[in-house]
Amino acid sequence: MEEKKFDLNTIIGFVLIAGILVYMMFINKPTPEQLEAEKAKQEEVVGATGNTKASSSEITAITVNPQDSLAMVQAQSRLGAFAYSAALPSAKEQVTTIQNDVLSLKVSNKGGYISEALLKKFKTYDSVPVFLIKDRDKASFNINFGTTDNHILNTKDLFFEPAVTKNGQNTILSMKLKVDANRFLEYRYEMKPGEYMVDFSIKSQGLGQVFNSGNPIQLDWELEAIRHSKSISYENRYTELKWEYEGGKDDYLGQQEFTDDDAEDVTWVAFKQHFFTSILLTDTPFKKAKFTSRNLVQNEDVDTLALKAYTASIPLELKGGELDYTMDWYYGPTDYKILNNFDRNLDEVVPLGWGIFGWINKHVFIPFFGFLSGFLPYGIAIIVMTIVVRIVLSPVTYKSYVSQAKMKVLRPEITEINEKYKDNAMKKQQETMKLYGKAGVNPMSGCLPALMQIPVFYALFNFFPSAFDLRQKSFLWAEDLSSYDNILDLPFRIPFYGDHVSLFPILASIAIFFYMTMTSGQAMQQSQQPGMPNMKFIMYLSPLFMLIFFNNYASGLSLYYFISNLITIGIMLVIKNVIISEDKIHAKIQENKKKPKKQNKFQKKMAEMMQQAEQQKAKK
């Protein structure tokens, strides 16, 4: 796999590929040797530029009057057998619309591909309809192939003949690129009511003697991801190209300019945006594929209409001399519930986290939040889910605080040891561990509960930005829980912070500060041990991080952290003032000291090693 390169300032332009069209009669067509030489030159230029787009001179489609014999001869010299398609009444710029109650697609005669994809039930942040394809110059679906009459053609330059029929409630659009009445290349679209998934196939009929099997057939799909959300940087962070390969594995390209030309056995390709996705699926895996992703957002201060430019280059194989691929198009929301229902592993398009983090989201948080939001407003549902999560984790919080209380009780004796052996680090550590052993205190017991909460913390960190249900749902002053809740627009941009002030991150930062004061205050009262983290620094760093970096994050996520820390503070106050008595803990520790402490093998070995180290030091 090619190494992914980060280059924020790269400017990629389209390089014109000059082609010389030689006029001659059909009987004087180029020899195979001449055609092969010309193709080699084109591939050399394409390889140098990294751009497979044809020049403007090459994309000029040919239309002819069938009564004009000279025009037909010219068409045959350029199109060969497919000159027939240029003489049909359909050989003109027009679109055919197919739609259901959720999706509208416009398919152009030129190229036979979707020139506009509109999601009917959604609006952008500024109340504009959501288009996944709006400008045909920003989207392309092309098959490049050679013919036995020595031509290299691109379907995007040729005219297809449309035909709309019905299959029950389904709408079928057939787009045929014809050699004659009975021989053609067909794109077939079938749209079902209420679905974002459209059945799609690429099939040829009678072209076994037309396709040149010696020339590779190449499918190129290109698309620019249109911006839909208020925050450019936040939406762009979750806009990426993903694909499935080798029967269930998935991979993705990152945020800058990346290329992957080693993908094999690919079963779907997703040109993903934050909350909307364009996906091409195939029943016959693509044996090889090359993907590229180019970041179009170079400066967040400049408004932008597109976030990333995607390309997928896929060799197609002939079966019995014909093309025969059964596929699907998905144009719709990046909604876990919708994508998961297709049973095609499309839920991997939603970034829920890997391993245990994704498992927690899929099997715990998504079902639970879906249950709560079924009868509660979304903001209230977040609060209720947060309360439940903190109650479930309260035993962990209890154990953590008990450990802190034990350490607080032992602080005077630890301080005494530190003073007594301040010049002998080995002896100081040995005596400290001996004290912990006599008192029955494990200094690591306060860290383990915190580690146990990490899977939940990280799962929720992935859940809220990916929760499609939060999109454009309001709560209190937040107009959209999937975006930031600005209460003040700044006349300037602060690096890493932005050009606005969000309130929920401020409240969450204050709550985190008080929580860190409660949990870290005791540790800071102890003398700082060499090699240990500076707790005071951490106490200020965490809320500062929340304040700055979460200013552009989803307000639903900041609301969760705010409520979560408030509840944790309350639980810890109850534990401290009602449940735990430091006098009882002190009495228990003193009682433990009187009991003979039995060491396990590891503890014995450690004690022996420390004693040997102490003896060797004394001999020097």
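This is a predicted model, so every value here is computed, not measured.

1. With respect to the pattern of salt bridges
In the structure shown here, the tally under the stated rule is 17 salt bridges. The salt bridge partner of Asp199 is Lys192, with a shortest N-O separation of 3.6 Å. By relative accessible area, Asp199 is classed as partly exposed at 23%. For Asp283, the salt bridge goes to Arg344, with nearest N and O atoms at 3.7 Å. Taken together, the positions of Asp283 in strand β15 (residues 276–295) and Arg344 in the loop between α5 (336–340) and α6 (355–373) put the pair 61 residues apart, joining distant regions of the chain. The partly exposed category is assigned to Asp283, whose relative accessible area is 47%. Classification of Arg344 as partly exposed rests on a relative accessible area of 26%. It is possible to trace a salt-bridge network through shared partners that takes in Asp283, Asp328 and Arg344.

2. Notes on the nonpolar core
Core analysis: the biggest nonpolar cluster contains 121 residues, and Tyr189 and Trp329 have the highest contact counts within it. Of the residues forming this core, the biggest block, nine residues, is contributed by helix α14 (residues 555–579).

3. A few points about helix α7 (residues 378–392)
For α7, with 15 residues, the first-to-last C-alpha span of 21 Å sits near the 21 Å given by 1.5 Å per residue. What α7 keeps buried is the set Gly379, Ala381, Ile382, Met385, Thr386, Val389 and Arg390. Each buried residue of α7 lies within a common arc of 165 degrees when the element is viewed along its axis, so the set occupies one face. Facing away from the buried side of α7 by over 90 degrees, the exposed positions are Ile391 and Val392.

4. Details of helix α11 (residues 454–466)
Helix length check: α11, at 13 residues, gives a terminal C-alpha distance of 19 Å against a target of 18 Å (1.5 Å per residue), a fit within 8%. Of all the 13 residues making up α11, ten are buried; the element is thus mostly covered by neighbouring parts of the structure. Among the residues of α11, those classed as buried are Pro455, Val456, Ala459, Leu460, Phe461, Asn462, Phe463, Phe464, Pro465 and Ser466.

5. Considerations on the packing of α6 against α7
Packed helix pairs are characterised by how far apart their axes lie and by the angle those axes make with each other. At their nearest, the axes of α6 and α7 sit 9 Å apart, and the two run at 130 degrees to each other. Relative to α7, α6 is oriented oblique. Regarding α6 and α7, the two cross each other, and that crossing is right-handed. Each of Phe365, Phe368, Phe369, Leu372 and Ser373 in α6 lies in contact with α7, whose residues at this interface are Tyr378, Ala381, Ile382, Val384, Met385, Val388 and Val389. A class-by-class count of the residues in the contact of α6 with α7 yields eleven nonpolar, one polar and no charged.

6. Things to note about unusual backbone geometry
Even without being glycine, Asn345 reaches a positive phi, approximately 65 degrees. For Gln472, which is not a glycine, the phi torsion comes out positive at approximately 60 degrees. With respect to the helices and strands, Gln472 occurs in the loop between α11 and β18 (486–494). Under the relative-accessibility criterion, Gln472 is labelled partly exposed at 35%.

7. Section: the sheet that holds strand β1 (residues 95–99)
Within the open sheet, the four strands sit side by side as β1-β2-β3-β4. Their pairing is antiparallel. Of all the strands in the sheet, just β1 and β4 (129–133) have a single pairing partner and so form its edges. Each strand axis lies, on average, 20 degrees off the axis of its neighbour in the sheet, ignoring direction. Bridge count for β1 against strand β2 (residues 103–108) is five bridges, and the pairing is antiparallel. Paired with Val95 across the bridge in β2 is Ser108.

8. So, the packing of aromatic side chains
Counted by the stated rule, this structure contains 44 aromatic pairs. Considering the side-chain rings of Trp329 and Tyr331, the 5.6 Å spacing of their centres and the 25 degrees angle between planes classify their relative orientation as stacked. Neither residue differs from the other here; Trp329 and Tyr331 are each classed as buried. Between Lys176 and the ring centre of Phe184, over which it is positioned, the NZ or CZ distance is 4.2 Å. Its end group placed over the ring of Tyr484, Lys230 keeps NZ or CZ at 4.4 Å from the ring centre.

9. Looking at the confidence of the model for the chain
With 70% of its residues at a pLDDT of 70 or more, the chain shows a mean pLDDT of 77. Counting contacts from residues 522–532, a segment whose pLDDT is below 50, to residues more than four positions away or on other chains yields 16 contacts.

10. Things to note about the pairing of β2
Consecutive side chains along a regular strand alternate between the two faces of the sheet. Along β2, five of the six residues are buried, which leaves the element largely enclosed by surrounding structure. Adjacent in sequence and paired antiparallel, β1 and β2 are bridged by three residues. Where β2 meets strand β3 (residues 114–123), five bridges bridge the pair, whose relative direction is antiparallel. Bridge pairing in β3 places Val107 opposite Ile114. Hairpin connection between β2 and β3: a loop of five residues separates the two successive antiparallel strands, and Gly111 in this loop has a positive phi of roughly 95 degrees.

Cut-offs and rules
- Residues numbered from 1 in each chain as written.
- Predicted model: local features only at pLDDT ≥ 70, side-chain atom pairs only at ≥ 80, totals over all residues.
- Heavy atoms only, no water.
- Salt bridge = Lys/Arg side-chain N within 4 Å of Asp/Glu carboxyl O.
- Buried < 20%, exposed > 50% of the residue type's maximum accessible area, 1.4 Å probe, protein only.
- Helix = DSSP H or I, 4+ residues; strand = E, 2+ residues; numbered from the N terminus.
- Core = buried A, V, L, I, M, F, W, Y, C linked by side-chain atoms within 4.5 Å.
- Expected span 1.5 Å × (residues − 1).
- Arc of directions from axis to C-beta.
- Axes fitted to C-alpha atoms, helices over the stretch in contact; angles between N-to-C directions.
- Parallel < 35°, antiparallel > 145°, perpendicular 65-115°, else oblique.
- Left-handed = near helix turned anticlockwise from the far one by under 90°.
- Contact = heavy atoms within 4.5 Å.
- Nonpolar A, V, L, I, M, F, W, Y, C, P; charged D, E, K, R; others polar.
- Pairing = 2+ DSSP bridges.
- Phe/Tyr/Trp six-rings, centres within 6.5 Å; stacked < 30°, edge-to-face > 60°.
- Lys NZ or Arg CZ within 6 Å of the ring centre and 35° of its normal.
- pLDDT = per-residue confidence, 0-100.

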